[in-house]
Amino acid sequence: SGVLSVSRSESWVNVLPKSRAVRLGWVQMCKVYTEAPIGFSGICFNMRRPPLDDRRVRLALCHLLPRERLIETRFHGEYALQNSYWPGRDWGNGAENPLVSFDPERARSLLAEAGFADTNEDGYLVNAAGEELAFALEHTGPWEDIMAVVRAGFAEGGVRLRTVPVDPETLMRRVSARDFDLHWQ
């Protein structure tokens, strides 16, 4: 007996079921549920760079990440939302840490409080000086389909998002030097 670990929903849904081992009955597919998941994905903020140094802007961007839409459309419904680094534990899961869901209206309200209340001719939010609220989101994967969903979520809140694929070494160098806006982890 042995265990074959499949870490990508795409493989679980579209590749493994068609494999010879499964078709011939040599391998049986089963899901294992745990309260200690192996990994997670999300956006990391450079809080040293304005306007990301404003908590309201960061919270607004969290409200613009369409996690439910990503799970349904890109991850085949195979993942569960995580609202803490430690799901199923006491840390970070109490009432003092409210859940953040996709909510473009709430995001726009927070961004207005932070000084981005008007829109430009392209429909993106701008501050009083006319500076557009725009960020670059760097990532290391062949994830353009995922990034398209993330860009659309940000756009619903009036934020222009440019997604930039980079190699892992470049991303680590840029993160270490704090030379980034956002990066997908």
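Note: the structure precedes this text.
A brief report on the enclosed structure follows. In this text the structure is predicted, and so the values were computed from the model without any measurement. (Residues numbered from 1 in each chain as written. Predicted model: local features only at pLDDT ≥ 70, side-chain atom pairs only at ≥ 80, totals over all residues. Heavy atoms only, no water.)

1. A look at the packing of helix 3 (residues 55–63) against helix 5 (residues 104–113)
(1) Moving on: Two elements in contact, helix 3 and helix 5, have axes separated by 8 Å at closest approach and are oriented at 165°. The angle between the axes of helix 3 and helix 5 places the two elements in the roughly antiparallel class. As helix 3 runs across helix 5, the sense of the crossing is left-handed. Taking contact as the criterion, the partners of Arg-56, Val-57, Leu-59, Ala-60 and His-63 in helix 3 are, on helix 5, Pro-104, Arg-106, Ala-107, Leu-110, Leu-111 and Glu-113.
(2) Moving on: Along the lines of polarity and charge, the residues of the contact of helix 3 with helix 5 split into seven nonpolar, one polar and three charged. (Axes fitted to C-alpha atoms, helices over the stretch in contact; angles between N-to-C directions. Helix = DSSP H or I, 4+ residues; strand = E, 2+ residues; numbered from the N terminus. Parallel < 35°, antiparallel > 145°, perpendicular 65-115°, else oblique. Left-handed = near helix turned anticlockwise from the far one by under 90°. Contact = heavy atoms within 4.5 Å. Nonpolar A, V, L, I, M, F, W, Y, C, P; charged D, E, K, R; others polar.)

2. As for helix 3
(1) Moving on: Where helix 3 is concerned, the buried positions are Val-57, Arg-58, Ala-60, Leu-61 and His-63.
(2) Moving on: Those residues of helix 3 that are buried are in contact with strand 1 (43–45), helix 5, strand 4 (134–139), helix 6 (144–156) and strand 6 (182–184). (Buried < 20%, exposed > 50% of the residue type's maximum accessible area, 1.4 Å probe, protein only.)

3. Focus: the packing of aromatic side chains
(1) Moving on: Scanning the entire structure with this criterion turns up zero aromatic pairs.
(2) Moving on: Stacked on the ring of Phe-102, the Lys or Arg Arg-69 has its end atom at 5.0 Å from the ring centre. (Phe/Tyr/Trp six-rings, centres within 6.5 Å; stacked < 30°, edge-to-face > 60°. Lys NZ or Arg CZ within 6 Å of the ring centre and 35° of its normal.)

4. What about the pattern of salt bridges?
(1) Moving on: Enumeration over the complete set of coordinates arrives at 10 salt bridges.
(2) Moving on: With a shortest N-O distance of 2.9 Å, Glu-156 and Arg-69 are connected by a salt bridge. Of this pair, Glu-156 sits in helix 6 while Arg-69 sits in helix 4 (residues 67–73), placing them 87 residues apart in sequence.
(3) Moving on: Here Glu-132 ties to Arg-160 by a salt bridge, and the two come within 2.6 Å at their closest N and O atoms. With Glu-132 in the loop between strand 3 (125–126) and strand 4 and Arg-160 in strand 5 (residues 160–165), this pair connects stretches of sequence that are 28 residues apart.
(4) Moving on: It is possible to trace a salt-bridge network through shared partners that takes in Arg-49, Glu-138, Arg-174, Asp-179 and Asp-181. (Salt bridge = Lys/Arg side-chain N within 4 Å of Asp/Glu carboxyl O.)

5. Regarding the nonpolar core
(1) Moving on: Grouped together as the largest cluster of nonpolar side chains are 29 residues, with contacts concentrated most on Leu-61, Phe-135, Val-150, Phe-154, Leu-182 and Trp-184.
(2) Moving on: Mapped by element, the contributors of at least two residues to this core are helix 3, helix 4, helix 5, strand 4, helix 6 and strand 6.
(3) Moving on: Looking at which element gives the most residues to this core, the answer is helix 6, with five residues.
(4) Moving on: Once you skip the residues sitting within four places of it in the chain, Trp-184 turns out to touch Ser-41, Gly-42, Ile-43, Leu-65, Leu-70, Leu-137, Glu-138, His-139, Trp-143, Ile-146, Met-147 and Val-150. (Core = buried A, V, L, I, M, F, W, Y, C linked by side-chain atoms within 4.5 Å.)

6. A look at helix 7 (residues 168–176)
(1) Moving on: The N-terminus of helix 7 is capped by Asp-167, whose side-chain oxygen sits 3.2 Å from the backbone nitrogen of Glu-169.
(2) Moving on: Positive phi appears at Arg-178, one or two residues downstream of helix 7, with a value of about 55°. (Polar contact = N/O pair within 3.5 Å; in protein donor to acceptor, adjacent residues only side chain to side chain.)

7. So, the side chain of Asn-46
(1) Moving on: With respect to the element layout, Asn-46 can be found in the loop between strand 1 and helix 3.
(2) Moving on: Once residues lying within four places of it in the same chain are set aside, the contact partners of Asn-46 are Leu-52, Arg-178, Asp-179, Phe-180 and Asp-181.

8. Observations regarding the pairing of strand 5
(1) Moving on: Across six bridges, strand 4 lies against strand 5 in parallel orientation. In the sheet register, Ala-134 faces strand 5, and the bridge partner there is Arg-160.
(2) Moving on: Handedness of the crossover joining strand 4 and strand 5 through helix 6: right-handed. (Pairing = 2+ DSSP bridges. Right-handed = clockwise from strand over helix to strand, strands pointing away.)

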